[in-house]
Amino acid sequence: MLLRLPTSLSEARQCLAQGAVPVGGATLVWAQWQRDGFPEQAMSLRRLPEATVVDGETLGAAVLLHQIDDRVPEVLRRAAASIGTGAVRRTATVGGNIVGSTLRCLLPPALVLDARATVMDGDGTYEAELAEVVAKRPLMLGIRWRRPLVSAYRKAPGDVGGPPPLVVATAVHAEQDGGRRLCTAVRDGDEVVSGSVPATADPGRVLDALEGTALGRLPGETRDVVRREVTDILGRADG
């Protein structure tokens, strides 16, 4: 297998056109390749500047999970720190988790940050909704988001080999009209659902409004966890 390491977007597009298979840390595909055979060409984005950036509003797809630090919002940082073991986090990438993984621990944080993905195809680069990225699995270069006023992440304990643990991500954003908006995303089993409502001064009204979103269809025990997390983040936003 030939591993190609493009250093520019034009070179990356050329690799794609020539059939190179995008790969990050290969943590998700190595066993499959050993079983089914290796591709003739693979492509890593770890030398592509657009895919390795880390700052307050951008995270590249080739960034390793252990490289995610306090430059990014708390919800992303805590999510990355909770994924796998230290050895996994030193190998696995942002793009692999969001696009390649079935668990997608970084997807709920990205949703509450109102993130959009930068992706590339043979014609060039463009922005896409995260739902499109998850469904179509294009080559993702990174994500960009709005900086929140405050954010938080909760991941329930889980057993190795067991069902995916519950994940609740929350963020409060400032609105252009001076108001605030609460964004919440939940991974419950294999499903990720999200909702966004005005973050008014009355926590009870905020919680009632969330019941009218897709989050209101979650099981009662899960909704109880969501309500606690939302109450906590609203308190932090007012603190």
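Check the entry above for the structure.
Residues numbered from 1 in each chain as written. Predicted model: local features only at pLDDT ≥ 70, side-chain atom pairs only at ≥ 80, totals over all residues. Heavy atoms only, no water.

(A) Spatial organisation of the packing of helix α8 (residues 203-211) against helix α9 (residues 220-238). Contact geometry for α8 and α9: axes closest at 10 Å, N-to-C directions at 140°. The pairing of α8 with α9 is recorded here as oblique in orientation. For α8 against α9, the interelement crossing comes out right-handed. Here Pro-203, Val-206, Leu-207, Leu-210 and Glu-211 of α8 lie close against α9, whose contacting residues are Arg-223, Arg-227, Val-230, Thr-231 and Leu-234. Split by residue class, the contact of α8 with α9 holds 6 nonpolar, 1 polar and 3 charged. (Axes fitted to C-alpha atoms, helices over the stretch in contact; angles between N-to-C directions. Helix = DSSP H or I, 4+ residues; strand = E, 2+ residues; numbered from the N terminus. Parallel < 35°, antiparallel > 145°, perpendicular 65-115°, else oblique. Left-handed = near helix turned anticlockwise from the far one by under 90°. Contact = heavy atoms within 4.5 Å. Nonpolar A, V, L, I, M, F, W, Y, C, P; charged D, E, K, R; others polar.)

(B) Structural detail: the sheet that holds strand β7 (residues 139-144). The strand order across the open sheet formed by 4 strands is β4-β7-β5-β6, and the pairing between neighbours is antiparallel. In this open sheet, the two strands that pair with only one neighbour each are β4 (58-60) and β6 (124-128). Each strand of the sheet is rotated relative to its neighbour by a mean of 25°, with strand direction disregarded. Strand direction decides the pairing type here: strand β5 (residues 116-121) and β7, joined by 5 bridges, are antiparallel. If you follow Thr-118 over to β7, its bridge partner there is Gly-142. (Pairing = 2+ DSSP bridges.)

(C) Region of the structure containing unusual backbone geometry. Its identity is not glycine, yet Asp-114 carries a phi of approximately 60°, on the positive side. The residue Asp-114 is located in the loop between α6 (107-112) and β5 in this model. Even without being a glycine, Arg-137 presents a positive backbone phi close to 55°. Tracing the backbone shows Arg-137 in the loop between α7 (130-136) and β7.

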